[in-house]
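# Geometric and topological summary
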Amino acid sequence: MQAQHEALVQAAVPDHAAAHGHAPQGHAPQGHAPQGQGPMAPGAPVMPPVVPYVATGPQAPVPPPGQQALGPPPPPPPPSTDPDNGDDGDGGDDDDDDGSDNDLGPVRQLPLGPFLRLPQQELNEKRRKKTLDNIQKYFDQESTHFRFVKVVGQGLSSLACRVKLRNRWWKSYKAEHFILKRAVRPNQEISLRREKRNLRRLRGAMHIVQPYASMVPIHLPNIILMEDIENGSLWDFVYRRIQSGHFAELPNRLLYRLLMCLVRFCIAMAYPPNGPRGGELQREEIPRRQVDRDNKTQLTHGDMHSNNVLFGSWTADDWEHDLAPIMKLIDLERMGYGYSNSVEDPGIKQNILAIGNLMWLIISAEPLEPNRGYMFPGRVHGQDVNILTRALFVPGSFPNLDPDIRNLVARCLAQNDDHRPTLEELEKEVSEGIRTKNKEYYAVYERGAFEDDEWIKNLLKMRLLNADVEVDQPSESAGGYSDESPSMPSITD
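Residues numbered from 1 in each chain as written. Predicted model: local features only at pLDDT ≥ 70, side-chain atom pairs only at ≥ 80, totals over all residues. Heavy atoms only, no water.

This part covers the overall build of the chain. Within the chain, the secondary structure is distributed over 12 helices and 10 strands. Counted over contacts in the chain with a minimum sequence separation of 6, partners at least 24 positions apart contribute 66%. (Helix = DSSP H or I, 4+ residues; strand = E, 2+ residues; numbered from the N terminus. Contact = heavy atoms within 4.5 Å.)

This is the structure in structure tokens:
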């Protein structure tokens, strides 16, 4: 037995030494020839063994590289005494806590704890109901000054409600609505404080939601008061268009005005006004002085989707909002700064990409396909360039779309950051399109009759204000809209 043991040890020594890069006597190391012979070709690299590692939750941190295979494997978890294999160690029934299809399996190496084990949907619903009950109870007690109206929005961390400040004959203020936003989940006060800072930073911007100052104090913790924007979200407008059963192209004059509001979003974040409390709203414009123009920030919204863009009211004496109501950007809790060592103005470029997504949704009523790119023959700085863009502007699609709008949207969605337009280009081209391209300009278009002022206003009023009324049916003579609709002017081809 002793001789067999020594033979096994001697046989294991070369392998052990070779694994550590040392050659035993009489053996040449890998890649080197014995003395007196020419050099040998290098052998294939020796790859370390791949040891699978499965993280079971925050309590099982990933070990540093190179140490996964060190030491003996951990012992298996002790078997559960409960006949139910899905027990998680809390002594309760999993069916009561889970309620979803996100089952982690019958065997768990580490308990995840009650908070992580509880599904997020159920957690949010419970806390949302509790928070809503507290808000309603408070305003029921303060019914002399306030009236709770309804819930207007909710997310993973907060709840937004519409509240009316009631007027009384002995009060000097008028009745008005405002929005109250309160955190739902614990430890979400940080997000509210961040949103308050961003509201102060963008205070005075016409196209950004503004903070609201109540004449009567509200004694609720962790809340934000904001102005009420009354005419619904951009997604409501798109969804009602989809519900109508047809996808007729929108008028170009309307698209120019909607795009102008989106450009104002980007300008406001690039040049935050930091206006005074109670000051007048100012239109977001690029500074004229070069020293001020170069002093731009890279503030980016981070969550600019169609539910975070709301329609306000029409303004008859405003050249931007005479046909279409103003659009305002809300939900500033995820706002931050963009950083990049290789891209100039990374935050601004990210915002321009976001408004390109919104414009594509407005034009096509369809979301963009993820991870898809298309070659678009566009123009960049006056030169013809093939642009790799996410916008699917295939030949023959959207025949009545203005080529300038098509080119701008394709550039906003360009994969190459250098092909995206600058804020100066966007403001100049879109404002010129609004001022110079009137109804007569589009008379040669197939749907030029739908560029009429009253038709555009009625279309928006029906899509935004009369959501529950069937107003238009498909009609070939009107290119998808009915000429007999009582709310629409009679337009004949």
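More follows now that the structure is in view.
With that out of the way, let us pick up the pairing of strand E4 (residues 223-227). Counting buried residues in E4 gives 4 out of 5 residues, a clear majority hidden from the surface. Here strand E3 (residues 176-183) runs beside E4; their pairing, made up of 5 bridges, is antiparallel. Bridge assignment links Lys181 to a residue of E4, and that residue is Ile224. (Buried < 20%, exposed > 50% of the residue type's maximum accessible area, 1.4 Å probe, protein only. Pairing = 2+ DSSP bridges.)

With that out of the way, let us pick up helix H11 (residues 423-436). Compared with an ideal rise of 1.5 Å per residue, which puts 14 residues at 20 Å, H11 spans 20 Å between its outermost C-alpha atoms and is within 8% of the ideal. Listed in full, the buried residues belonging to H11 are Leu423, Glu425, Leu426, Glu427, Val430, Ser431, Gly433 and Ile434. Where H11 is buried, its residues touch helix H7 (252-270), helix H9 (346-364) and helix H10 (403-412). (Expected span 1.5 Å × (residues − 1).)

Note on sheets: strands pair through backbone hydrogen bonds, and any given pair is parallel or antiparallel. Taken in spatial order, the 4 strands line up as E1-E2-E3-E4 in an open sheet, and their pairing is antiparallel. Every interior strand has two partners, whereas the edge strands, strand E1 (146-154) and E4, have only one. Between one strand axis and the next, the sheet turns by 30 degrees as a mean value, whatever way the strands run. The sheet contact formed by E1 and strand E2 (residues 158-165) spans 7 bridges and is antiparallel. Pairing of Val151 across the sheet is with Cys161, part of E2. Here helix H5 (residues 189-201) sits on the sheet in contact with E3 and E4, set at roughly 35 degrees to E4. (Axes fitted to C-alpha atoms, helices over the stretch in contact; angles between N-to-C directions.)

Residues at a pLDDT of 70 or more form 67% of the chain, whose mean pLDDT is 75. A low-confidence stretch, residues 79-123 stays under pLDDT 50, and its non-local contacts, those more than four residues away or across chains, total 43 contacts. Note that pLDDT drops below 50 for residues 467-493; the model gives that stretch 51 contacts with residues more than four away or on any other chain. (pLDDT = per-residue confidence, 0-100.)

Turning our attention to H9. Between its terminal C-alpha atoms H9 stretches 27 Å, which fits the 27 Å expected from 19 residues at 1.5 Å a residue. Most of H9 sits out of view: 17 of its 19 residues are buried.

Turning to a positive patch on the surface, a few remarks are in order. Among the surface-exposed residues, Arg193, Lys196, Arg197, Arg200 and Arg277 lie close enough to one another that they form a single positively charged patch. Mapped onto the elements of the fold, Arg197 is located in helix H5. (Patch = residues over 30% accessible without salt bridge, like charges linked within 9 Å, V, L, I, M, F, W, Y side chains within 5 Å. Areas by Shrake-Rupley, 256 points an atom, 1.4 Å probe, with all protein chains shown as cover. Salt bridge = Lys/Arg side-chain N within 4 Å of Asp/Glu carboxyl O. Lys, Arg positive; Asp, Glu negative; His and termini not counted. Charge placed at Lys NZ, Arg CZ, Asp CG, Glu CD.)

In this structure the tally under the stated criterion is 21 salt bridges. The partner of Arg264 in a salt bridge is Glu427, and the shortest N-O contact between them spans 3.1 Å. On the criterion of sequence distance, the pair formed by Arg264 in helix H7 and Glu427 in helix H11 is long-range, its members being 163 residues apart. Note on Arg264: relative accessible area 2%, which makes it buried. The class for Glu427 is buried, based on a relative accessible area of 17%.

When you line up the elements, Leu262 lands in helix H7. Judged by its relative accessible area of 0%, Leu262 is buried. Remark: the alpha-carbon pair of Leu262 and Met359, spanning 97 residues in sequence, is separated by 8.6 Å. With sequence-adjacent residues up to four places away left out, Leu262 is seen in contact with Met327, Ile355, Leu358 and Met359.

Glancing now at the pairing of E3. Taking burial as the measure, the 8 residues of E3 include 6 buried ones, the bulk of the element. Both E2 and E3 contribute to a ladder of 8 bridges, which runs antiparallel. Following the sheet pairing, Lys164 is matched in E3 by His177.

What follows deals with unusual backbone geometry. Positioned with a positive phi, Ala365 is a non-glycine residue whose angle comes to about 60 degrees. Here Ala365 shows up in the loop between H9 and strand E9 (374-380). Under the relative-accessibility criterion, Ala365 is labelled buried at 9%. Phi at His381 is positive, roughly 55 degrees, even though this residue is not glycine. Mapped onto the fold, His381 is located in the loop between E9 and strand E10 (383-389). Overall, the relative accessible area of 55% leaves His381 in the exposed class.

This next bit is on the packing of aromatic side chains. Between two aromatic rings, the relevant description is the distance of the centres plus the angle of the planes. Scanning the model with the defined rule gives 13 aromatic pairs in all. Taken together, the ring pairs connect Tyr138, Phe139, Phe146, Phe178 and Tyr212 into an aromatic cluster. Here the guanidinium or amino end of Arg435 rests over the ring plane of Trp319, the centre of that ring lying 3.8 Å away. When the ring centre of Phe450 is taken as origin, the NZ or CZ atom of Arg447, which lies over that ring, is 4.1 Å away. (Phe/Tyr/Trp six-rings, centres within 6.5 Å; stacked < 30°, edge-to-face > 60°. Lys NZ or Arg CZ within 6 Å of the ring centre and 35° of its normal.)

Checked against the element boundaries, His301 lands in the loop between strand E5 (299-300) and strand E6 (309-311). The class of His301 is buried, set by a relative accessible area of 0%. Among the polar contacts listed, one links the side chain of His301 to the backbone oxygen of Asp331, at a separation of 2.9 Å. Other than its neighbours up to four places away in sequence, His301 contacts Met269, Asn308, Leu329, Ile330, Asp331, Leu332, Arg334, Met335 and Asn351. (Polar contact = N/O pair within 3.5 Å; in protein donor to acceptor, adjacent residues only side chain to side chain.)

Packed helices, taken two at a time, are described by the angle their axes make and the gap between the axes. Where H7 contacts H10, the axes come no closer than 10 Å and their chain directions differ by 35 degrees. Of the two elements, H7 crosses H10, and the hand of that crossing is left-handed. Packed against H7, whose contacting residues are Asn252, Leu255, Tyr256 and Leu259, the element H10 presents Asp404, Ile405 and Leu408 at the interface. Of the residues contributing to the contact of H7 with H10, the split by class is 5 nonpolar, 1 polar and 1 charged. (Left-handed = near helix turned anticlockwise from the far one by under 90°. Nonpolar A, V, L, I, M, F, W, Y, C, P; charged D, E, K, R; others polar.)

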